[in-house]
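As a plain string of letters, each chain reads:
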Amino acid sequence: MIFARCCDFVIDLIFPIHCVSCRREGEWFCSGCATKVTLNQKQFCPVCWQPSSGGKTCETCRGISPLAGLRVAASYAENPTLAAAVKTLKYKFSQPLARNLAEILTRAITQKNYAEERIITAIPLHTKRLRYRGFNQAELLAREVASNLQLPYENLLIRSRNTLQQAKLSREKRLQNLRDAFSLASPISLQNKTVILVDDIASTATTLSEAAKVLRAAGAKEVWGLVIARG
Ligand SMILES: [Zn+2]
Ligand SMILES: [Zn+2]
């Protein structure tokens, strides 16, 4: 990994970094372009995908999902260069890029007074993949969001099974693939706490749901998903 990162560094020296959106030199996705990303006006229930206020799991689905809701910050359709920026963060360890993308996530969170304590965490990578890639892009984002909101960040979960890539599987296979994929990183009580679970993207909410199940079992009052886009 260190070798790979050195190679990256050399390549970046030879071919300067350009913003994937405005081509300005110096950043993968500049803060100017990140500020211009339009946020989703409508949010949807993460189970039946019917419109719902703020992304709350709707009344009908509440009984079958451990997620209290899902906030999807923006859409690729409305922000054509956003997908490239999100993809870049998967492969390039870039703090400024994570910061600019996290800005979008932060804007998508309604700032209201919460009675209960909130903790931010991220969907973990399996240690094998983490070692290969060198960083977890969801954690980079989640840590930035936590610092923006002045909330604690904690690695609450571990990925106990190295799951296959979700995008390539059917819905049934996805569920099977993810069953018991997550466990608690340490025995902790989340009693009366609201957990905000960050990932870069969500295609369905299956991964977030499976992770939320573990957090709810540890006592979390509510678990909310937070992603940049559906992709
Ligand atoms: Zn730009
Ligand atoms: Zn629903």
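This write-up is about the structure you can find in this document. (Residues numbered from 1 in each chain as written. Chains lettered and ligands numbered in written order. Predicted model: local features only at pLDDT ≥ 70, side-chain atom pairs only at ≥ 80, totals over all residues. Heavy atoms only, no water.)

## Here we look at the coordination of the zinc ion (ligand 2)
Link 1 in the chain: The protein atoms that coordinate the zinc ion (ligand 2) are Cys45 (SG), Cys48 (SG), Cys58 (SG) and Cys61 (SG), at distances of 2.3 Å.
Link 2 in the chain: For the zinc ion (ligand 2), the four donor atoms are set out with angles of 100 to 115 degrees between them, so the coordination reads as tetrahedral.
Link 3 in the chain: Mapped onto the polypeptide sequence, the residues donating to the zinc ion (ligand 2) form the spacing pattern C-x2-C-x9-C-x2-C. Of this pair, Cys45 sits in the loop between α2 (31–35) and β1 (69–72) while Cys58 sits in the loop between α2 and β1, placing them 13 residues apart in sequence. The same class applies to Cys45 and to Cys58, which are both buried. (Donors = N, O, S within 2.8 Å, 3.2 Å for Na, K, Ca; no water. Tetrahedral: all angles 85-135°; square planar, octahedral: opposite > 155°, others 65-115°. Helix = DSSP H or I, 4+ residues; strand = E, 2+ residues; numbered from the N terminus. Buried < 20%, exposed > 50% of the residue type's maximum accessible area, 1.4 Å probe, protein only.)

## Structural notes on the coordination of the zinc ion (ligand 1)
Link 1 in the chain: The protein atoms that coordinate the zinc ion (ligand 1) are Cys19 (SG), Cys22 (SG), Cys30 (SG) and Cys33 (SG), at distances spanning 2.3 Å.
Link 2 in the chain: Judged by relative accessible area, which is 4%, Cys30 ranks as buried.

## Re the pattern of salt bridges
Link 1 in the chain: All told, the structure shown has six salt bridges when counted by the stated rule.
Link 2 in the chain: The closest approach of N and O atoms between Arg24 and Glu27, which form a salt bridge, is 3.5 Å.
Link 3 in the chain: Taking the relative accessible area as the measure of exposure, Arg24 reaches 46% and is therefore partly exposed.
Link 4 in the chain: Residue Asp200 is joined to Lys90 by a salt bridge in which the shortest nitrogen-to-oxygen separation is 3.2 Å. Remark: Lys90 occurs in helix α3 (residues 82–91) and Asp200 occurs in the loop between β5 (193–198) and β6 (201–202); sequence separation between them is 110 residues. (Salt bridge = Lys/Arg side-chain N within 4 Å of Asp/Glu carboxyl O.)

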